[in-house]
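A look at the structure
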Amino acid sequence: MKHVDETRRVIVVGGGLAGLASACTLAARGYAVTLLEANSWVGGKAAVLAEQGYRFDMGPTILTIPGVLRRIWAEADRDLDTALDLVPLDPQWRSFFTDGSTLDLVADVAEMQRTLDTYAPGTGSAAGYGRFMALAERLHRLSDDFFFWRSVGGLGDMFDPRRGMSLGVLREVMNMRPGHSVAGTVRSFVADPRTAQMLDHFTQYVGSAPDASPAVLCGIAHMQSHDGVWYPRGGTGAVPRALSSLAIDLGVEIRTRTEVRRIIVEGGRVRGVETAAGERLPAAAVVSNSDSVRTHRELLTPPAGDRFLGRRRYEPACSGVVLYLGLDRRYEQLIHHNFVFSADAHEEFETIYRRGEPAPDPTCYVCAPAITEPEVAPPGGEALYVLVHTPYLRPHHDWKAMFPAYRKRIIEKLESTAGLRDLERHIVFERALTPQDIHDRYRVLDGAIYGLASHGRFFGAFKPANRSPDIRGLYLAGGAAHPGPGMPMVLMSGWIAGDCVDRDGLVEPVNAARAAAASPA
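Residues numbered from 1 in each chain as written. Predicted model: local features only at pLDDT ≥ 70, side-chain atom pairs only at ≥ 80, totals over all residues. Heavy atoms only, no water.

Notes on the sheet that holds strand β5 (residues 63-64)
Spatially, the 3 strands line up as an open sheet ordered β5-β9-β6, and their pairing is antiparallel. The strands lining the two open edges of the sheet, one partner per strand, are β5 and β6 (86-89). Bridge count between β5 and strand β9 (residues 229-232): 2 bridges; the pairing is antiparallel. Bridge pairing in β9 places Leu63 opposite Trp230. (Pairing = 2+ DSSP bridges. Helix = DSSP H or I, 4+ residues; strand = E, 2+ residues; numbered from the N terminus.)

Right, dumping it as structure tokens:
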């Protein structure tokens, strides 16, 4: 590690998207940053599988709210468009239903209403969709005003003391519909059950049940409609590549294959980290991009993490089975993003989230990127990515034994509902991840893809704050920290953690000119 006095060093533990975002933000503001990653790659779940002429994004495949990335690049006075080629996708996704119908989600609300007039005539769903999207816009605005771009761990953190707790502010908070669920809100506007099922799945960005998640998450619908769905040419793996390139250009020291054994805390304050090899690296602040619960269980020795672990019940979000299927053909009915829906949404979510078992009739998310970037597969082929949400790991789950039968069920579902006839015969390359694989590979809590669940109609949207209230100099970033999972949110999480470090003044910048130029308001 480059020699820098410990009072001027920030260590980032974990090189996922949030860790990279935090490192870039801090380096752009003049701080000396060392990023430590246990794996041989950076990007976390945004990894890439490339074999036999096929290329798959292994984790996230949908990029929304590119303004978060633009803000990170702007920290360094750089233009995102020079680093990433973002392709807009509209229709944003295609829905396949068991009645044989399909419904495309498009960004334009009026166009979507015209489609629903034909798709679900006489149900009032078209007009209801317009009212739902108006609510989603208000919820998005409220999230921007009270929730995003700051460290929030509970209701009190949402309020700026300078604004006070006026009647107007309280009225705005009540407009976030506390006590209402996503599913209930959707169905109060949209009567057609297929359209409602499609809208429910915005909560799948956060891996939670729509009937148990707070209505404020309906704001995701407007975020996606307003800001679009994008595909980075080269795949979503291009995002961590661009971030790591920016980080290195800004002077970040990135060390892969460097596992952190513990975060050193003395007198209630972070003093550095110790690696698995026994190396002690001093630092004035640590940003942990490791899962927030596992950070406190495994990287902090008692009693340092006890208050966090006792603060609330931390329920993992769902896990999943992922199939990477290299095909020797394309299926023309597929667009880039597709959902192949279950026959009974209530039964599906009941099975996954309450019974803790894989759904017998699952919804499958299918990414078929060759329509946008043919280079992902040999000529005429497809690199099909299939994700089916499952419960997080339970003690009795043995995925080595469970996987073969469940894989067969997924293939049958794709053939029957999406019309992917003879799919098995056209698979020439295959890999898979089970919940156990996800738990082991990414070191997340019980195989959870999306960090912590967003369950609870009043407080389900709250994740652990980015600034630790218990340990001075410890900051959290990633899907299991505020504001939660999904590519834009974890990137925002990294930015918030970096911004908190900067504002708290525990670390002295090494580049005074950068620090002065980037001084927070």
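Here we look at unusual backbone geometry
Here the amide bond leading from Pro302 into Pro303 is cis, since omega sits at 5°, within 30 degrees of zero. For the peptide bond that leads from His482 to Pro483, omega is 0°, which places it in the cis range. Looking at where Pro483 falls in the secondary structure, it is placed in the loop between β20 (474-476) and α15 (487-504). Look at Asp77: it is not a glycine, yet its phi comes out positive at around 60°. Tracing the backbone shows Asp77 in the loop between α2 (67-75) and β6. Of note, the phi angle at Asp422 is positive, near 55°, even though the residue is not glycine. Relative to the elements of secondary structure, Asp422 occurs in the loop between α13 (399-417) and β19 (427-433). Classification of Asp422 as partly exposed rests on a relative accessible area of 44%. (Buried < 20%, exposed > 50% of the residue type's maximum accessible area, 1.4 Å probe, protein only.)

Here we look at the packing of helix α3 (residues 109-119) against helix α4 (residues 125-146)
The description of two packed helices rests on the angle between their axes and on the distance between the axes. At a closest axis distance of 8 Å, the pairing of α3 and α4 adopts a crossing angle of 155°. Considered as vectors, α3 and α4 are oriented roughly antiparallel to each other. The chirality of how α3 crosses α4 is right-handed. Contacts between α3 and α4 involve Val109, Met112, Gln113, Leu116 and Asp117 from the former and Ser125, Ala126, Ala127, Tyr129, Gly130 and Met133 from the latter. Within the contact of α3 with α4, the residues separate by chemical class into 7 nonpolar, 3 polar and 1 charged. (Axes fitted to C-alpha atoms, helices over the stretch in contact; angles between N-to-C directions. Parallel < 35°, antiparallel > 145°, perpendicular 65-115°, else oblique. Left-handed = near helix turned anticlockwise from the far one by under 90°. Contact = heavy atoms within 4.5 Å. Nonpolar A, V, L, I, M, F, W, Y, C, P; charged D, E, K, R; others polar.)

Quick look at the sheet that holds strand β13 (residues 280-282)
In spatial order, the strands read β11-β12-β13; together these 3 strands make up an open sheet with antiparallel pairing. Each having just a single partner strand, β11 (260-266) and β13 make up the two edges of the open sheet. Taken over all neighbouring pairs, the strand axes of this sheet differ in orientation by 30° on average, direction set aside. In this structure, β11 lies alongside strand β12 (residues 269-275), joined through 6 bridges in antiparallel fashion. Residue pairing in the sheet places Val260 in a bridge with Thr275 of β12.

Some words on the pairing of strand β14 (residues 285-288)
Here β14 shows a buried face lined by Ala285 and Val287 and a second buried face lined by Val286 and Ser288. Looking at chain direction, strand β1 (residues 9-13) and β14 are connected through 4 bridges and run parallel. Following the sheet pairing, Val12 is matched in β14 by Val287. In this structure, β14 lies alongside β20, joined through 3 bridges in parallel fashion. From the neighbouring strand, Ser288 faces β20, where its bridge partner is Leu476.

Here we look at the packing of aromatic side chains
The way to describe two aromatic rings as a pair is by their centre distance and the angle between their planes. Taken as a whole and judged by the stated rule, the model has 20 aromatic pairs. An angle of 40° between the planes, with centres 6.5 Å apart, marks the rings of Phe202 and Tyr205 as tilted. Since its relative accessible area comes to 18%, Tyr205 is described here as buried. Of note, Arg71 hangs over the ring of Trp149, and the distance from its end group to the ring centre comes to 4.0 Å. (Phe/Tyr/Trp six-rings, centres within 6.5 Å; stacked < 30°, edge-to-face > 60°. Lys NZ or Arg CZ within 6 Å of the ring centre and 35° of its normal.)

Details of the pattern of salt bridges
Tallying each qualifying case throughout the model produces 33 salt bridges. Across the salt bridge formed by Arg443 and Glu259, the nearest N and O atoms sit 3.0 Å from each other. Of this pair, Arg443 sits in the loop between α14 (435-442) and β20 while Glu259 sits in the loop between β10 (253-255) and β11, placing them 184 residues apart in sequence. Accessibility expressed as a relative area gives 35% for Arg443, which makes it partly exposed. Given the relative accessible area of 37%, Glu259 is considered partly exposed. Arg407 is paired through a salt bridge with Glu430; the nearest N and O atoms lie 2.6 Å apart. On the criterion of sequence distance, the pair formed by Arg407 in helix α13 and Glu430 in strand β19 is long-range, its members being 23 residues apart. Of the residues examined, Arg407 reaches a relative accessible area of 13% and is grouped as buried. Look at the salt bridges and you will find they share partners, linking Arg29, Glu75, Asp499, Asp502 and Arg503 into a network. (Salt bridge = Lys/Arg side-chain N within 4 Å of Asp/Glu carboxyl O.)

As far as function goes, none of this settles anything; it's purely spatial.
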